[in-house]
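Breakdown of the fold
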Amino acid sequence: MLIKRASELTYADITPRGLYMGRRNFLLGLLAAGGAAAAWKKLPRLVSAAGTGSVPVKLNGVITGLKGPYTTDEKATSYNDATHYNNFYEFGTDKSDPAANATNFKASPWTVSVEGEVAKPRKFTMDEIMKLAPLEERIYRHRCVEAWSIVVPWIGYSFSALAKLAEPTSQARYVAFESYYDRRQMPWGAGSGIDLPYVEGLRLDEAMHPLTLLCVGMYGETLPNQDGAPVRMVIPWKYGFKSIKSIVKIRFVKKEPPTTWNIANAREYGFYSNVNPTVDHPRWSQAKERRLGEFLKRPTLMFNGYGEQVASLYAGMDLRKNY
Ligand SMILES: Nc1nc2c(c(=O)[nH]1)N[C@H]1C(S)=C(S)[C@@H](COP(=O)(O)O)O[C@H]1N2
Ligand SMILES: [Mo]
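Residues numbered from 1 in each chain as written. Chains lettered and ligands numbered in written order. Predicted model: local features only at pLDDT ≥ 70, side-chain atom pairs only at ≥ 80, totals over all residues. Heavy atoms only, no water.

Notes on unusual backbone geometry
Residue P109 is bonded to the preceding S108 through a cis peptide linkage, with omega at -5 degrees. Note on placement: P109 falls in the loop between α5 (97-101) and β1 (111-116). Cis geometry is adopted by the peptide bond preceding P197, which originates at L196 and carries an omega value of 5 degrees. With respect to the element layout, P197 can be found in the loop between β5 (174-179) and β6 (199-203). For E167, which is not glycine, the phi dihedral falls at a positive 55 degrees. Locating E167 in the fold gives a position in the loop between α7 (159-166) and β5. With a phi close to 55 degrees, N304 is a non-glycine residue in the positive phi region. (Helix = DSSP H or I, 4+ residues; strand = E, 2+ residues; numbered from the N terminus.)

In structure tokens:
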């Protein structure tokens, strides 16, 4: 086995081998292989990178047990199902592709730029994002437009906490989000059939709704790459494709921004994309869904079961036209 000297190591080296050997053994091995002095110099960087990076690490001090709309008491989907049946077209279009292809994705260092119609545009490092508000565990239902669903204990805080820091101006009426895209790290994206980088958007009141989650973890840990490391959105009353992964840019804007699936096929995917069992997709029914790990289909709920919280956002709108 080829052992690199510690001074030659990069963050990419630690991920697969760190997983395989266990972090502690890996670091000890590093000391033995690379010479103690050289390795010690590298240690702080490697360890701090891990907290926001490619190998999920445990998140401490997360507020759990929230009641009401923030956590369903339905059984959570198994970690294995939620992390091995994914949509993340940058890493391939099969459900098993993201788990297989995103292993070496470098989610650290990372910055998120907040800009546009705001009084205080700024760039946040991942460390700043992690500490911006108390981290909460929220167990949400999550419904893909392809009629499968999961229940996931996400970790994060309301997106409004970040938005308030940026101070949107009176001109801001929508929020546009953009994912990271790098052809070298994501060569599968070119053949995926959608334009990349992935872009999404919300009306400002939807973005500021307390259920709208800026998400940095799941199942007690940081996000695995295939689920959108290091930071993504989760909007539980909308079809899953609104929940954009691996975010690098958040822009407050005046006009409704373009969104990836609407660009790809406007007849099938609208801007709002609220879960709605009474409006079928042109090619299939949306009345039922298959919960991963279950055999029989279950009925899909209006607004994915969050109607009491969000229906008022759409008062007076024709939800057949605004699909
Ligand atoms: N950048 C990016 N974000 C994305 C997607 C994608 O392909 N690229 N797929 C979307 C779709 S269709 C769904 S259903 C959810 C899936 O999230 P999960 O894999 O964590 O369950 O991510 C959404 N966010
Ligand atoms: Mo989806």
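So, the sheet that holds β5
Spatially, the 5 strands line up as an open sheet ordered β2-β1-β10-β5-β6, and their pairing is mixed. Edge positions in the sheet fall to β2 (122-125) and β6, since each of these pairs with one other strand and no more. Direction aside, neighbouring strands of the sheet carry axes that sit 20 degrees apart on average. Here 6 bridges tie β5 to strand β10 (residues 247-253), and the two strands are oriented antiparallel to one another. Directly across from V175, in β10, lies its bridge partner F252. Across the face of the sheet, α7 comes into contact with β1, β2, β5 and β10 while running at roughly 60 degrees to β10. (Pairing = 2+ DSSP bridges. Axes fitted to C-alpha atoms, helices over the stretch in contact; angles between N-to-C directions. Contact = heavy atoms within 4.5 Å.)

Quick notes on the site of ligand 1
The local shell around ligand 1 holds 18 residues, among which N86, Y89, D227, R232 and K245 are the closest. Between ligand 1 and Y89 there is a distance of 2.8 Å, counted from an oxygen atom to a backbone nitrogen or oxygen. Within the contact set of ligand 1, an oxygen atom lies 2.7 Å away from a side-chain nitrogen or oxygen of K245. If ligand 1 stood free it would expose 530 Å²; the protein chains cover 98% of that surface. (Near = heavy atom within 4 Å. Polar contact = N/O pair within 3.5 Å; in protein donor to acceptor, adjacent residues only side chain to side chain. Areas by Shrake-Rupley, 256 points an atom, 1.4 Å probe, with all protein chains shown as cover.)

Considering the confidence of the model for the protein
Across the protein, pLDDT averages 88, with 84% of residues at or above 70. Low confidence marks residues 1-53, where pLDDT is under 50. Its contacts with residues over four positions away, or in another chain, come to 65 contacts. (pLDDT = per-residue confidence, 0-100.)

Here's the deal with the environment of Q185
Along the chain, the position of Q185 falls in the loop between β5 and β6. Placed 81 residues apart in sequence, Q185 and N104 show a C-alpha to C-alpha distance of 8.2 Å. In this structure the side chain of Q185 is engaged in a polar contact, spanning 2.9 Å, whose partner is the backbone nitrogen of K106.

Observations regarding the environment of K288
With respect to the element layout, K288 can be found in strand β11 (residues 288-291). Sequence separation of K288 and P299 is 11 residues, and the distance between their C-alpha atoms is 4.3 Å. For K288, the contacting residues outside a window of four places in its chain are R143, A147, K297, R298, P299 and T300.

Here's the deal with the pattern of salt bridges
Counted by the stated rule, this structure contains 16 salt bridges. K254 is the salt-bridge partner of E117, the closest N and O atoms lying 3.9 Å from each other. Residue E117 is found in the loop between β1 and β2, and its partner K254 is found in the loop between β10 and α9 (260-264); the two are separated by 137 residues along the sequence. According to the relative accessible area criterion, K254 is partly exposed, its value standing at 44%. Shared partners join several salt bridges into a network, and the residues in it are E74, R141, R143, E289, R291, E294 and R298. (Salt bridge = Lys/Arg side-chain N within 4 Å of Asp/Glu carboxyl O. Buried < 20%, exposed > 50% of the residue type's maximum accessible area, 1.4 Å probe, protein only.)

As for the nonpolar core
Counting 76 residues, the largest nonpolar core has I129, F159, I250 and F252 as its most contacted members. No other element matches strand β4 (residues 148-158), which puts 6 residues into this core. Other than its neighbours up to four places away in sequence, I250 contacts V112, S113, V114, E115, F159, L162, V175, A176 and F177. (Core = buried A, V, L, I, M, F, W, Y, C linked by side-chain atoms within 4.5 Å.)

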